Structures are given as structure tokens and as C-alpha cells.
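# Examination of the molecular architecture
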Amino acid sequence: MRILVVEDERRLAQIIKRGLEEAGYAVDSAFDGLEGQALAESASYDLIILDVMLPKQDGIKTCLELRNRKIGTPVLMLTARDAVEDRVAGLDAGADDYMIKPFAFSELLARVRALLRRGAPLNSSPLAVADLELDTATRTAVRGGRRIELTSREYAILEYLMRHPGILITRTMLEERVWDYQSDRLSNVIDVYIKKLRNKIDQPGQPSLIKTIRGAGYRMEGK
């Protein structure tokens, strides 16, 4: 899952970004409304966290512009304004949820999960390929009754593969969904993580579920 955080208070933006990454999300940051709009129009995000009081273009205008361009990505607005009319303005602009600063990060994370669930298929939890199950609510993986411990990055890669069984997933697709723009992307980093996943998922006697398509990418197969 990939999230865009548009927040001009850089310390707060970094705290949000770090916390979301620790929870397993890929996160891009923008620090003004025009930059945020440009990123939202150029890349595919699962959620946008958007501050209201932004330089160059405020969050209300940014949200309106995205909706006018038929970008339906869920938007969670952040603001220090707590007046009812301010919340109404944000929701009328097309926002899906609204949080007042200051806030507890645990609540922000809960609202993020709730918004992401709204856009997910109803049967998305748990995901299953052959005898491998991934519970997206608890973020746990089990194969043949054996629980598999995953790092946040491993989980993100596995979830993306399992949401697209039988479909070729290129390295570029994985990079765009699991890594943010600011990350250093080594040429073999995807291969390294796929190898780690296979070592955890596949036990002796079990077929490998992640197939390498030489020169193209990977495919999750249950046969």
C-alpha cells in the first residue's frame, strides 16, 4: 500500500512518514499543495493524507482539483482548525475523513486502516493462494498451519503479490507500490527480498508459490 503525505510542517511530516513506514506502508512526502497535487496526478496512491493549511495551494483547493480531475483516491485531511464550518468545507471538497491537530498517532493509523478497507474488496481478508493465507487485518501469514514472521517490507511485497495471483508483476510495479520516491533503489533489491520471502514461505516438500519469470518479473501461483 502506498500513501502520499502532504504536510508543510516538516517535523510532523517526518513523524507521520516514519510511523507509517514502520506499519508497512510505502510513503511519499510533499510540502505544499501544488507539489502534492502533482504527485497525486503522476502516481497511483491508495491514500492521501492532506493538511489544510499549505503554502502555494491550500488543502481544500488541492482536494477539489484532484476530484475535478477524477482522482478518487481516499483523502484524510489534517488541520488545526476545529470549527464545524472548517470540517464541512473539507468534506464538501471531497475529503473522506478529517482529523484535528494535535492527534494521537494510533488514531491516525486506525483511520488510515479504515479508509484503506473501504477501497479494498469485501473478501480481501484473508487473502489465500494454495495453502498460504495472509490476514490483512492482523498482518499475519500462515502456511500449512505454520505462522510466518515477516518484516514490514516483506509483508508489503507479499500482500501485493497475493492480491494479484496469476498476474505477472514486474520489478518496476513492485518498486512503485512498495518503495517511496525518496528510497535508494538498488538494482537487485527486489530479488533479495523475493529470496527472503521464499526462504520463509517455502519449506521442504512444499512447492514454491512465487515464480520468477526470467527477464520480466514474478508471478504468484498456487499450482
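Structural data are supplied above this passage.
Residues numbered from 1 in each chain as written. Predicted model: local features only at pLDDT ≥ 70, side-chain atom pairs only at ≥ 80, totals over all residues. Heavy atoms only, no water.

Before going further, it helps to examine the packing of aromatic side chains. Pairs of aromatic rings are described using the distance from one ring centre to the other and the angle between the two planes. The final tally for this structure, using the stated rule, is zero aromatic pairs. Positioned above the aromatic ring of Y193, the side-chain terminus of K196 is 5.1 Å from the ring centre. (Phe/Tyr/Trp six-rings, centres within 6.5 Å; stacked < 30°, edge-to-face > 60°. Lys NZ or Arg CZ within 6 Å of the ring centre and 35° of its normal.)

Once that is clear, we can look at helix α7 (residues 171-178). Restricting attention to buried positions, one finds in α7 the residues L174, E175, R177 and V178. For α7, the elements touching its buried residues are β1 (2-6), β2 (26-30), α6 (152-162), β10 (169-170), α8 (189-201) and β12 (217-220). (Buried < 20%, exposed > 50% of the residue type's maximum accessible area, 1.4 Å probe, protein only. Helix = DSSP H or I, 4+ residues; strand = E, 2+ residues; numbered from the N terminus. Contact = heavy atoms within 4.5 Å.)

Structurally, T140 is set in strand β8 (residues 140-143). The class for T140 is buried, based on a relative accessible area of 17%. Once residues within four sequence positions are removed from consideration, T140 is found in contact with E133, L134, D135 and R147.

For the structure on display, the rule yields 18 salt bridges. The partner of K101 in a salt bridge is E7, with the nearest N and O atoms 2.9 Å apart. Taken together, the positions of K101 in the loop between β5 (97-100) and α5 (105-118) and E7 in the loop between β1 and α1 (10-22) put the pair 94 residues apart, joining distant regions of the chain. Across the pair E107 and R111 runs a salt bridge whose closest N-O atoms are separated by 2.8 Å. One end of the pair, E107, and the other, R111, are both in helix α5, four residues apart, so they sit about a helical turn from each other. One salt-bridge network, in which partners are shared between bridges, spans E41, K61, E65 and R69. (Salt bridge = Lys/Arg side-chain N within 4 Å of Asp/Glu carboxyl O.)

The analysis is restricted to geometry; functional conclusions fall outside its scope.
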